[in-house]
Amino acid sequence: MKDVPFTFELNKPDFIPTEYYNHIKRSLSAMKGQFWDREAYNRLLAIEDIVLYEVYEIKRPEMAGELLHGISIVHPGKVGEEYFMTKGHFHTVLETAEVYYCQKGQGVMVMETPEGDWAVEPLNPGRVLYVLPRWAHRSVNTSSEEDLVTFFVYPGNAGHDYGTIEEHGFRKMVIDRNGRPTITDNPRWSAPDRRK
Ligand code: S6P
Ligand code: ZN
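What counts as what
- Residues numbered from 1 in each chain as written.
- Chains lettered and ligands numbered in written order.
- Predicted model: local features only at pLDDT ≥ 70, side-chain atom pairs only at ≥ 80, totals over all residues.
- Heavy atoms only, no water.
- Phe/Tyr/Trp six-rings, centres within 6.5 Å; stacked < 30°, edge-to-face > 60°.
- Buried < 20%, exposed > 50% of the residue type's maximum accessible area, 1.4 Å probe, protein only.
- Lys NZ or Arg CZ within 6 Å of the ring centre and 35° of its normal.
- Donors = N, O, S within 2.8 Å, 3.2 Å for Na, K, Ca; no water.
- Tetrahedral: all angles 85-135°; square planar, octahedral: opposite > 155°, others 65-115°.
- Helix = DSSP H or I, 4+ residues; strand = E, 2+ residues; numbered from the N terminus.

Novice: Help me understand the packing of aromatic side chains in this model?
Specialist: When we look at a pair of aromatic rings, we describe it by the centre distance and by the angle of the planes. Summed over the entire model, instances satisfying the criterion amount to four aromatic pairs. Ring geometry for Phe152 versus Tyr154: centroids 6.0 Å apart, planes at 35°, classification tilted. Residue Phe152 shares its accessibility class with Tyr154, and that shared class is buried. Above the plane of the ring of Tyr162 lies Lys87, whose end atom (NZ or CZ) is 5.4 Å from the centre.

Okay, structure coming up:
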């Protein structure tokens with residue numbers, strides 16, 4: 001890990017950082033239960049356990065005062081009518097925010113709070129998204145051709161709570177309806193216990 005200030009570049013066209021510590025690939029099998037159309041999910045998985053998204057992480061200590069950052073790349077595609085997306089999570093330390101800067105592609109961020117608020121905001125090149133503390137977040141690629149590439153930064157002590165979303169889902173989902181991204185209620189959403 002660097003102990004002096006450092007820079008790196010994001011190489012176009014794919015925006016892979018010139019230096020990174022970790023390259024995470026999440027494939028279809030890691031998203032069991034998250035897509036609404038289970039039959040479409042199983043059909044696709046039977047053909048191939050394709051990679052839905054990738055994350056390049058820059059190494060920093062996971063502690064308050066540090067900023068964890070990197071690049072997230074969600075590939076284009078759909079499971080049934082539902083676009084490829086990230087697992088999504090709350091931060092374990094709920095009162096931690098995150099900034100996303102979209103470099104490439106077209107998509108949305110689906111967000112919600114434990115209190116029941118929800119929001120879906122666009123991601124397109126040049127757009128900055130501020131995810132407030134307490135808001136779970138999931139990126140969705142609504143393009144049929146292009147990767148959705150975002151640069152993210154969040155506090156080193158944030159941590160990730162994937163379990164709540166894995167178990168209960170997001171309130172809203174984004175599906176392709178007649179060729180247009182459409183926000184709908186997620187029929188598989190269930191109310192989690194109220195968190196503090
Ligand atoms: C981490 C930040 C991103 C995501 C990435 C993949 O707090 O929000 O780096 O990790 O977009 O999503 P997920 O939900 O699989 O971590
Ligand atoms: Zn996050």
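Novice: Sorry if this is basic, but what is going on with the coordination of the zinc ion (ligand 2) here?
Specialist: Each donor-metal-donor angle would ideally measure 109.5 degrees in four-coordinate tetrahedral geometry, or 90 or 180 degrees in six-coordinate octahedral geometry. Looking at the zinc ion (ligand 2), one finds its protein donor set to be His89 (NE2), His91 (NE2), Glu98 (OE) and His137 (NE2), positioned 2.1 to 2.3 Å from the metal centre. Classification of the site at the zinc ion (ligand 2) as octahedral follows from its six donor atoms and the range of 72 to 173° in their angles at the metal. Mapped onto the polypeptide sequence, the residues donating to the zinc ion (ligand 2) form the spacing pattern H-x1-H-x6-E-x38-H. Remark: His137 occurs in strand β13 (residues 136–141) and His91 occurs in strand β8 (residues 90–91); sequence separation between them is 46 residues. Assessed through its relative accessible area of 2%, His137 is described here as buried.

Honestly, that's just the spatial picture; any functional story needs more than this.
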